[in-house]
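Inside the fold
One-letter residues, chain by chain:
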Amino acid sequence: ADAGTGELPDLYTNVGNPEPIYVRVENANDPDCYNATVNPLFELIVNPRAIANEPAGMELCDDISNDGVADFDLSSQEADILGGQDPAIYTVSFHASQADAEANQSALPSNYTGSDQETIYVRVEDPAYPDCYGTTSFVLTVNPLPEITVVPPLQVCDDDTDNYVSFPLSTKTDELLNGQTGVELSYHSTPVGADMDTDEIFDGYIGTDETIYVRLVNTTTNCYNVGVLNLEVLENPIANPTTPLEVCDDDNDGFAEFDLTLRDAEVIGVQTGMVVSYYANPGDAETGDAPLPSNFTNTDPDAQEIYVRIENATTGCYATTTLQLIVNPIPTTITVTPYELCDYDNPGDEIELFDLPTKDVEILNGQVNVTVAYYESQADVDTGNSITALYPNTGNPQEIIAVLTNTNTGCTSSTTFDLVVNPLPALIDPTPLEVCDDGTPDGITEMDLSVKNTEITGGNPNYSVSYYYSLSDAIDEISPLPVLYTNENNNQIIYVRVEDTTTGCYDTTTMEL
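Just so we're clear, the structure is a prediction, and the values are computed from it rather than from any experiment.

1. As for the overall build of the protein
Across its full length, the protein carries 10 helices and 34 strands. For 513 residues, the compact-globule estimate of 2.2 N^0.38 gives 24 Å, and the C-alpha radius of gyration of the protein, at 64 Å, exceeds that figure by more than 25%. Counting only C-alpha atoms, the protein reaches 235 × 45 × 30 Å along its principal axes. Each of the 513 residues in the protein was classed as buried or not, and the buried ones make up 37%. A fraction of 60% describes how many contacts in the protein between residues 6 or more apart in sequence connect residues 24 or more apart. For the protein, the computed accessible surface area is about 28,300 Å², with 50% contributed by carbon and sulfur atoms. Averaged over its 10 positive side-chain charges, the protein has a centre that lies 11 Å from the centre of its 88 negative ones.

2. Points about the side chain of aspartate 380
Tracing the chain through its elements places aspartate 380 in helix α8 (residues 378-383). It turns out aspartate 380 is buried and unbridged, and the closest side chain with the opposite charge, lysine 359, is 19 Å from it. In contact with aspartate 380, other than residues within four places in its own chain, are Tyr375 and Asn385.

3. Considering the state of the cysteines
Counted under the stated rule, the structure contains 4 disulfides. Between the sulfur atoms of cysteine 248 and its disulfide mate cysteine 411 the distance is 2.0 Å. Its S-S torsion of approximately -95 degrees makes the covalent link between cysteine 248 and cysteine 411 left-handed. Of the two residues, cysteine 248 sits in strand β18 (residues 245-249) while cysteine 411 sits in the loop between β28 (398-406) and β29 (412-422), which places them 163 residues apart along the sequence.

4. Considering a negative patch on the surface
Residues Asp250, Asp251, Asp253 and Asp302 make up a contiguous surface patch of negative charge. On the secondary structure map, aspartate 251 appears in the loop between β18 and β19 (257-259). On the basis of relative accessible area, aspartate 251 is assigned to the partly exposed category, the value being 48%.

5. A few points about the nonpolar core
Counting 20 residues, the largest nonpolar core has Leu260, Tyr278, Ile306, Ile310 and Leu325 as its most contacted members. Looking at which element gives the most residues to this core, the answer is strand β23 (residues 318-329), with 4 residues. Those residues in contact with tyrosine 278, other than ones at most four positions away along the chain, are Leu260, Thr261, Arg263, Asp264, Pro291, Leu292, Ile306, Tyr307, Val308 and Leu323.

6. Quick look at the environment of aspartate 174
Take aspartate 174: it is sitting in helix α3 (residues 173-177). Here aspartate 174 falls in the exposed class, since its relative accessible area comes to 65%. A C-alpha to C-alpha distance of 112 Å links aspartate 174 and aspartate 429, two positions 255 residues apart in sequence.

7. A short note on the sheet that holds strand β22 (residues 303-312)
The strand order β18-β23-β22-β20 describes an open sheet built from 4 strands, whose pairing is mixed. Since the sheet does not close on itself, it has two edges, and those belong to β18 and β20 (274-279), each with one partner. Each adjacent strand pair in this sheet contributes to an overall mean axis angle of 30 degrees, direction not counted. As judged from the 6 bridges shared by β20 and β22, these two strands associate in the antiparallel manner. From the neighbouring strand, tyrosine 278 faces β22, where its bridge partner is valine 308.

8. Topic: the sheet that holds strand β16 (residues 210-218)
The 5 strands lie next to each other as β11-β17-β16-β13-β14, forming an open sheet whose pairing is mixed. At either margin of the open sheet sits one strand with a lone partner, and together these are β11 (154-157) and β14 (200-201). As paired strands, strand β13 (residues 183-188) and β14 are joined by 2 bridges and run antiparallel to one another. Paired with tyrosine 187 across the two strands is isoleucine 201, which belongs to β14.

9. Points about the packing of aromatic side chains
Under the definition given, this model contains 4 aromatic pairs. Residues phenylalanine 94 and phenylalanine 138 carry aromatic rings whose centres are separated by 6.2 Å and whose planes lie at 80 degrees to one another, so their mutual orientation is edge-to-face. Here phenylalanine 94, found in strand β7 (residues 91-95), pairs with phenylalanine 138, found in strand β10 (residues 129-143); they are 44 residues apart in sequence, far enough to count as distant. Summarising the burial analysis for this pair, phenylalanine 94 and phenylalanine 138 share the class buried. With 5.2 Å between their ring centres and 50 degrees between their planes, tyrosine 344 and tyrosine 506 make a pair best called tilted.

The rules behind each value
- Residues numbered from 1 in each chain as written.
- Predicted model: local features only at pLDDT ≥ 70, side-chain atom pairs only at ≥ 80, totals over all residues.
- Heavy atoms only, no water.
- Helix = DSSP H or I, 4+ residues; strand = E, 2+ residues; numbered from the N terminus.
- Rg over C-alpha atoms; globule rule 2.2 N^0.38 Å.
- Buried < 20%, exposed > 50% of the residue type's maximum accessible area, 1.4 Å probe, protein only.
- Contact = heavy atoms within 4.5 Å.
- Areas by Shrake-Rupley, 256 points an atom, 1.4 Å probe, with all protein chains shown as cover.
- Lys, Arg positive; Asp, Glu negative; His and termini not counted.
- Charge placed at Lys NZ, Arg CZ, Asp CG, Glu CD.
- Salt bridge = Lys/Arg side-chain N within 4 Å of Asp/Glu carboxyl O.
- Disulfide = S-S within 2.5 Å.
- Patch = residues over 30% accessible without salt bridge, like charges linked within 9 Å, V, L, I, M, F, W, Y side chains within 5 Å.
- Core = buried A, V, L, I, M, F, W, Y, C linked by side-chain atoms within 4.5 Å.
- Pairing = 2+ DSSP bridges.
- Axes fitted to C-alpha atoms, helices over the stretch in contact; angles between N-to-C directions.
- Phe/Tyr/Trp six-rings, centres within 6.5 Å; stacked < 30°, edge-to-face > 60°.

Distances and angles like these do not, on their own, reveal function.
Okay, structure coming up:
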């Protein structure tokens, strides 16, 4: 300065800190006329500028409101913002805008309620040198919680009436996630366990009517939410045991149509709201697939076991049992010969009393546990109006219906036969058989009785003639007289029996010898 050399430029970069500065003032017209400071007129001092390091953004999980707002502790960022700077010297303040940070105004509280993606501006300064400050910023992120979906209870049917069942928890997972991706779900037995990720339970959990807790965790943010899932044990229907369903085989081929609904009431008992269905195999009964029609014709001859499913129409709970189908054979029938009687009672009216049970043996043809009932008409069969006494025919011939009933199964079959009243032989009362006495005039001699046959029968070749000492012998057809007969006395009366060899019917008359 005194020598007038080493003049500094107006824009000068100091070379020391602090650095003294000397001043020379001289006459512009005469440089020799000057004055120079012996001591530094002033010093150049460069104060250190505060450094505001950019911190990582702050992330918090939202609360259950999922409104995108959360309470942030901004002061937790100070260490990262200061870096190695002494917090006892430097102060950090937070602001809603860059302008506020520059002006050092409207500082935000450390416990700040911020919104998702809100930018926070930071000012760092040494209070001794307030103009030497630094600024930076960071972003607040409020991560949403996984959404809780309210779902219907997980219902499982009780298989043993103890009100405890194995719950397939994972069957509710998709429903609880409700389309959310990047979310893991777990089940917990307590609310604390759901919060702390302990007490986890899995498929096969044995429980009763209770509430369990569901934890949903976002795999990116680790934010979680807790919901509930109600477990319910549903009462299972009772499949009451069945009695065999039996039908009669109309053609004895082992197959018949069954009305399966006849066993519905038996399976249901006193239960209400139940649906009954029938299946060919146990697998279909369990799944409810391929139910049999209500009118079902058995596929195995004579007997077949099918499966019954009783289901609660509201809950879907079900139970199964079996049903035996039995095709009972009907009694066998034969062609029955006509029941023929001779018109002995009031000959010519063609009416006789028929003892119908005398046909039982023929009709049964050796069958056991089978009864026979007789009916005048199909209408009587339909109403059960059977013939129970000696029956006078009303026509000749007349058809009678015989119904065979198996006493074990109740199965029936029927056949018919005719009642026939055969006429008596149309005999002719003979004239006396007259012969000449032999050498002994005693009125007794041998006679050929057969000479009267043609006269008596009228020449009918289907009639046979026999002769008897008494009427009872003729009726009972015992002790016939020989054809060459010697009379006991003159004008003796003997009895003639004429029988129709086709029908067996006979009539009697007398003949004088």
